[in-house]
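What follows is each chain in one-letter form.
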Amino acid sequence: MSLPEIVSRGEWRAARAELLLKEKAATRARDALNAERRGLPMVEVDEEYVFEGGDGKATLLDLFEGRRQLVVYHFMFAPEWDAGCRSCSGFLDQVGHLAHLHARDTSFATVSRAPYPKILPFKARMGWTLPWYSSYGSGFNRDFEVTLEGEGERVERPGLSCFLRDRDRVFHTYTTYERGLDGLGSTTSLLDLTALGRQEEWEEPKGRASAYGAPAGSERIRYHDEYDD
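Each residue is numbered by its place in its chain's sequence as written, counting from 1. For this predicted model, a pLDDT threshold of at least 70 governs which residues receive local features, and a threshold of 80 or more governs which side-chain atom pairs are given and counted, while totals over whole chains, interfaces and linings are taken from all residues. Note that the side-chain values use all heavy atoms of the structure and ignore hydrogens as well as water.

Chemist: Please set out the pattern of salt bridges residue by residue, giving values where relevant.
Modeler: Charged atoms that come close allow side chains of opposite charge to pair. Every case where a carboxyl oxygen of Asp or Glu lies within 4 Å of a side-chain nitrogen of Lys or Arg is listed as a salt bridge. In this structure the tally under the stated criterion is 12 salt bridges. A salt bridge links Glu-149 to Arg-154, with the nearest nitrogen and oxygen atoms 3.2 Å apart. Just as Glu-149 is exposed, Arg-154 falls in that class too. Only protein chains enter the accessibility calculation, which uses a 1.4 Å probe. A residue is then buried if its area is under 20% of the maximum for its type, exposed if over 50%, and partly exposed in between.

This is the structure:
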């Protein structure tokens, strides 16, 4: 195994300071990329998708649970499989407490193509309480290009999609796939993919942090058991 070089504390501090300059540059570049992502146009979702969840049938609008934004994780679980994807399972394991997303008017849901009776026991086995819906029988996975059809077979791939709600109108704002999921899972990383972002005053474009009368994002942070949802 190749291990890092052993140096003195002073040499380590000098090397760390040099790397810090590059890390700060990467942070500024990431902020600029996030701002450009928030500047993407959006597409209205006209299709009446029907999902099945713990409370029965649900529409895409229902998945918002009354909030302004929705983040959907496309979990690889084909109807013929006996269990969900291992990599997708690892992703869900690292998603934090949803109360912090909810405080920023953003819901999170998982969607798979497997029938809900197959999803339910696997979800219980994993110990997850995240909302999980089946898109079985609908074109949702196909339309958002996480189930690809070609040469007589269907191929599943992981992805994450963001939606924005304006009253009863739903808009698709962003989707990423596969390696685009690297580093995601925390509250801020998921918010960075949405049209409203972290809802902080320093973010571009201006005017989205308190557009709906709420304080800026950081001012809403509480212990997860202190939120009034």
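Now that the structure has been shown, we can carry on.
Chemist: So what's going on with the side chain of Arg-113? Which residues, and what values?
Modeler: Assignment of secondary structure puts Arg-113 in the loop between strand S5 (106-112) and helix H5 (116-126). Polar contacts here mean pairs of N or O atoms no more than 3.5 Å apart (in protein, one a potential hydrogen donor and the other a potential acceptor; neighbouring residues in sequence count only if both atoms are side-chain atoms). Only 3.4 Å separates the side chain of Arg-113 from the side chain of Thr-147, close enough to count as a polar contact. At a separation of 2.4 Å, a polar atom in the side chain of Arg-113 contacts the side chain of Glu-156. Beyond its immediate sequence surroundings of up to four residues, Arg-113 is in contact with Phe-77, Ala-78, Pro-79, Ser-134, Ser-135, Tyr-136, Asn-141, Thr-147, Arg-154 and Glu-156. Only DSSP runs of H or I with at least four residues qualify as helices, and only runs of E with at least two residues qualify as strands; both kinds are numbered from the N terminus onward. We call two residues in contact whenever any of their non-hydrogen atoms come within 4.5 Å of each other.

Chemist: Explain the pairing of strand S10 (residues 169-177) to me, and be specific about the residues and the numbers.
Modeler: One bridge is not enough; two strands pair if DSSP finds at least two bridges between them. Examined bridge by bridge, strand S1 (residues 43-44) and S10 share two bridges and lie antiparallel to one another. Note on S10: the bridge partner recorded for Glu-44 is Phe-171. Both strand S9 (residues 159-166) and S10 contribute to a ladder of eight bridges, which runs antiparallel. Bridge pairing links Ser-161 to Thr-175 in S10. Once S9 ends, the chain turns through two residues before running back antiparallel as S10, passing Arg-167 with a positive phi of about 60°.

Chemist: Outline the packing of aromatic side chains, listing residues and values.
Modeler: Two rings from Phe, Tyr or Trp (for Trp, the six-membered ring) form a pair when their centres sit within 6.5 Å of each other. Planes less than 30 degrees apart are called stacked, planes more than 60 degrees apart edge-to-face, and all others tilted. In total, this model carries 16 aromatic pairs according to the counting rule given. With centroids separated by 6.4 Å and ring planes inclined at 65°, the aromatic side chains of Phe-75 and Phe-122 adopt a geometry described as edge-to-face. In this pair, Phe-75 is assigned in the loop between strand S4 (69-74) and helix H3 (86-93) and Phe-122 in helix H5, connecting sequence segments 47 residues apart. The pair formed by Phe-75 and Phe-122 is uniform in burial state, with each residue classed as buried. When the ring of Phe-140 is compared with that of Phe-144, the centres are 4.9 Å apart and the planes differ by 45°; the resulting orientation is tilted. Overall, Phe-144 belongs to the buried group, its relative accessible area being 8%. Of the aromatic side chains, those joined through ring pairs into one cluster are Tyr-73, Phe-75, Phe-77, Phe-91, Phe-122, Trp-128 and Trp-132. The criterion is that NZ of a Lys, or CZ of an Arg, lies within 6 Å of the ring centre and within 35 degrees of the ring normal, and then a charge sits over that ring. Its end group placed over the ring of Trp-12, Arg-9 keeps NZ or CZ at 5.4 Å from the ring centre.

Chemist: So, the nonpolar core: which residues are in play, and what are the values?
Modeler: Counting residues in each nonpolar core, the largest one holds 28 residues, and the members touching the most others are Tyr-73, Phe-75, Phe-91, Leu-92, Phe-108 and Leu-160. Counting residues per element, the ones that place at least two in this core are S4, H3, H5, S9 and helix H7 (187-191). Beyond its immediate sequence surroundings of up to four residues, Tyr-73 is in contact with Cys-88, Phe-91, Leu-92, Phe-108, Ala-109, Thr-110, Val-111, Pro-158, Gly-159, Leu-160 and Leu-181. Side-chain atoms within 4.5 Å link the members of a nonpolar core, which is a set of buried Ala, Val, Leu, Ile, Met, Phe, Trp, Tyr and Cys residues. Leu-60, Leu-63, Ala-109 and Phe-140 belong to the second-largest nonpolar core, a separate cluster that totals 16 residues.

Chemist: I'd love a proper account of the environment of Leu-92, names of residues and values included.
Modeler: With respect to the helices, strands and loops of the structure, Leu-92 is situated in helix H3. For Leu-92 and Gly-185, which are 93 residues apart along the polypeptide, the C-alpha to C-alpha distance reads 7.6 Å. Once residues lying within four places of it in the same chain are set aside, the contact partners of Leu-92 are Tyr-73, Phe-75, Phe-108, Thr-110, Trp-128 and Leu-130.

Chemist: Please set out unusual backbone geometry residue by residue, giving values where relevant.
Modeler: The step from Glu-204 to Pro-205 runs through a cis peptide bond, and the omega angle for that step is -5°. Relative to the helices and strands, Pro-205 resides in the segment after H7. Non-glycine residue Glu-178 carries a positive phi angle of around 50°. In this fold, Glu-178 is placed in the loop between S10 and H7.

Chemist: Quick one: what's the story with the environment of Glu-156, residue by residue and with numbers?
Modeler: Relative to the assigned elements, Glu-156 resides in strand S8 (residues 153-156). A sequence separation of 71 residues divides Glu-156 from Tyr-227, and the C-alpha atoms of the two residues are 37 Å apart. When near neighbours in sequence (up to four residues on either side) are disregarded, Glu-156 contacts Met-76, Ala-78, Trp-81, Arg-113, Asn-141, Val-146 and Thr-147. Only 2.9 Å separates the side chain of Glu-156 from the side chain of Thr-147, close enough to count as a polar contact.

Keep in mind these values describe shape, not function.
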